[in-house]
Amino acid sequence: MLTTRKEQIQENAEVAEHIRGSYWITTFGCQMNKADSERMAGILESMGYIEASAELHADLVLFNTCTIRDNAEQKVYSYLGRQALRKHSHPHLKLIVAGCVAQQEGESLLRRVPELDLVMGPQHANRLETLLQQVDNGQQVIATEENHILEDLTTARRDSKICAWVNVIYGCNERCTYCVVPSVRGKEQSRSKEAIREEIEQLVSSGYKEITLLGQNIDAYGRDLPGRTIKGSFKNSLTDLLYFIHDVEGLERIRFATSHPRYFTERLIQACSDLSKVCEHFHIPVQSGNNEILNSMARGYSVERYKRIIDKIKKLMPESAITSDVIVGFPGETDSQFKNTLSLVKEIGFDQVNTAAYSPRPNTPAAKWTNQVSEDVKVKRLKLINQTVEETAKERNARYLNQALEILAEGINPKDSKQLMGRTRTNRLTFFDAIGPNNQIYKSGDLVKVQINKIRSFSLTGTPII
Ligand code: SF4
């Protein structure tokens, strides 16, 4: 126990002495990027950096970027511009671009923004400390070469204290003709299931209740690990991983994303039904409702196969939520092919669909095709599919009314401090009173039974019940 003011000042001085400065990370894009940013923040804090109160106060600014669509890529340049300007009056400022734009643009980013200190691809996220040491030695560093991603034991600085992302496989070996991911995130690299279990045990011991296993194509987990059997199947698959981590004590919920219909197996569906901690929510991108378009996307499955997967899931887990991704305006897409996608969305009745207009990306085959769809047609189709998605989601959400659902409380509702917010096992955001029927006060991490009394298209509200 500190006794005198002098000791207090001494303590602060010692802390200040070890502080290397403040950092600010801005993250664009997917959950993989969010997980990478959490790990990079952990590395910076282990180096003695503290989080800045605002981007414009930081001594080190890192943009973790996304290039999945052109507008995502363009966003980073506007952010970079003001920091490059700031660097002229703050020469000690460290400016870093990480993530998929860094990998895609590499050296040319330095020509475009000479104020940059470090350009590092996603495969180098765990090497941030080593790369920053080179910067501290006065170098301007480019780290975009193919790299074997080493296990990183640095404690990630996670946004949530209840739910955690756990990377299980990096990169993607697929070749969807519209997708830039393989060229910016590289080949598949699966982590060992022992390392994954160890990370989950550490998380649970520090209070986490829910984990989401992450991979661009999570069904490819284990393909690159030793242990392939004669018949070509392998005993290190996602299904095996689910069985391997399921008995971690204290773990309440398991989720995984992103699935690929081409590799989604019956064995996986059965496992999800048998394993009580695996939540009944499946995110399975379909991308199009037309087989010719799926073919030219090189997705490797048909609409019929996709529907069979959904039927099997609904047969074993009727209450489960199905969400998806859809691209409209893919090169060559006709009105009738687009209508196939609209009717598939209605027929399956998705709980939610991430929709996007096709955006030509560098180093992807489809970007070079001459049968591009015009921007105004894309805009029209995007508007139509968003309307359908909203209507379908609302219909789907109606099933929750008056139901008693288990909610994992994740935090206080930012719009109403008398409420907590969390999600159902089907991943639906739910708001509920923080004080229960017996005046018990619920807190983050609690599993609460909530009677749903209000539904919206993409969220619910309810009252705790015993
Ligand atoms: S599966 Fe296809 S869409 Fe998904 S990340 Fe890989 S290449 Fe891209």
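As the structure is a prediction and not an experimental result, all values here were calculated from the model. (Residues numbered from 1 in each chain as written. Predicted model: local features only at pLDDT ≥ 70, side-chain atom pairs only at ≥ 80, totals over all residues. Heavy atoms only, no water.)

Attention now goes to the packing of aromatic side chains. What characterises a pair of aromatic rings is the spacing of the ring centres plus the angle enclosed by the ring planes. A complete count under the given rule lists nine aromatic pairs for this structure. With 5.2 Å between their ring centres and 90° between their planes, F28 and Y79 make a pair best called edge-to-face. One end of the pair, F28, is in the loop between β1 (21-27) and α2 (31-46); the other, Y79, is in helix α3 (residues 70-89), and 51 residues separate them in sequence. Geometrically, the ring pair formed by Y178 and F330 is edge-to-face, given 6.3 Å between the ring centres and 85° between the ring planes. Highlighted residues: Y178 in the loop between β8 (169-170) and α7 (181-185) and F330 in the loop between β13 (321-328) and α13 (335-348), separated in sequence by 152 residues. The same class applies to Y178 as to F330, namely buried. (Phe/Tyr/Trp six-rings, centres within 6.5 Å; stacked < 30°, edge-to-face > 60°. Helix = DSSP H or I, 4+ residues; strand = E, 2+ residues; numbered from the N terminus. Buried < 20%, exposed > 50% of the residue type's maximum accessible area, 1.4 Å probe, protein only.)

Here the focus is unusual backbone geometry. Residues A257 and T258 are joined by a peptide bond in cis, for which omega reads 5°. Take T258: it is sitting in the loop between β11 (253-257) and α10 (266-274). Phi is positive for N402, which is not a glycine, with a value near 65°. Judged by its relative accessible area of 55%, N402 is exposed. Within the chain, N427 stands out as a residue other than glycine whose phi angle is a positive 70°. Examined against the element boundaries, N427 turns out to sit in the loop between β16 (416-423) and β17 (429-433).

For the rest of this paragraph, the subject is the sheet that holds β1. Strand order in the open sheet formed by six strands is β2-β1-β3-β4-β5-β6, with parallel pairing between adjacent strands. In this open sheet, the two edge strands, each paired with only one partner strand, are β2 (49-51) and β6 (141-143). This sheet shows a mean twist of 20° between the axes of neighbouring strands, independent of strand direction. Taken together, the five bridges between β1 and strand β3 (residues 60-65) define a ladder with parallel strand orientation. Looking across to β3, one finds that T27 is bridged to N64. Running at roughly 175° to β1, α2 makes contact with β1, β2, β3, β4 (94-99) and β5 (118-120) of the sheet. (Pairing = 2+ DSSP bridges. Axes fitted to C-alpha atoms, helices over the stretch in contact; angles between N-to-C directions. Contact = heavy atoms within 4.5 Å.)

This brings us to the packing of α13 against helix α14 (residues 375-397). Running from amino to carboxyl end, α13 crosses α14 at an angle of 15°, the nearest separation of the two axes being 9 Å. When the axis of α13 is compared with that of α14, the two are roughly parallel. Like other packed secondary-structure pairs, α13 and α14 cross with a definite hand, here right-handed. Only R381, L384, I385, T388, V389 and T392 of α14 make contact with α13, whose side of the interface consists of D335, F338, T341, L342, V345 and K346. Residue composition of the contact of α13 with α14, by class: six nonpolar, three polar and three charged. (Parallel < 35°, antiparallel > 145°, perpendicular 65-115°, else oblique. Left-handed = near helix turned anticlockwise from the far one by under 90°. Nonpolar A, V, L, I, M, F, W, Y, C, P; charged D, E, K, R; others polar.)

For the rest of this paragraph, the subject is the environment of P331. Positionally, P331 belongs in the loop between β13 and α13. Of the residues examined, P331 reaches a relative accessible area of 3% and is grouped as buried. For the pair formed by P331 and I412, sequence separation is 81 residues and the distance between their alpha carbons is 44 Å. Beyond its immediate stretch of four places on either side in the chain, P331 contacts I293, Y358, A366, W369, N371, Q372 and V373.

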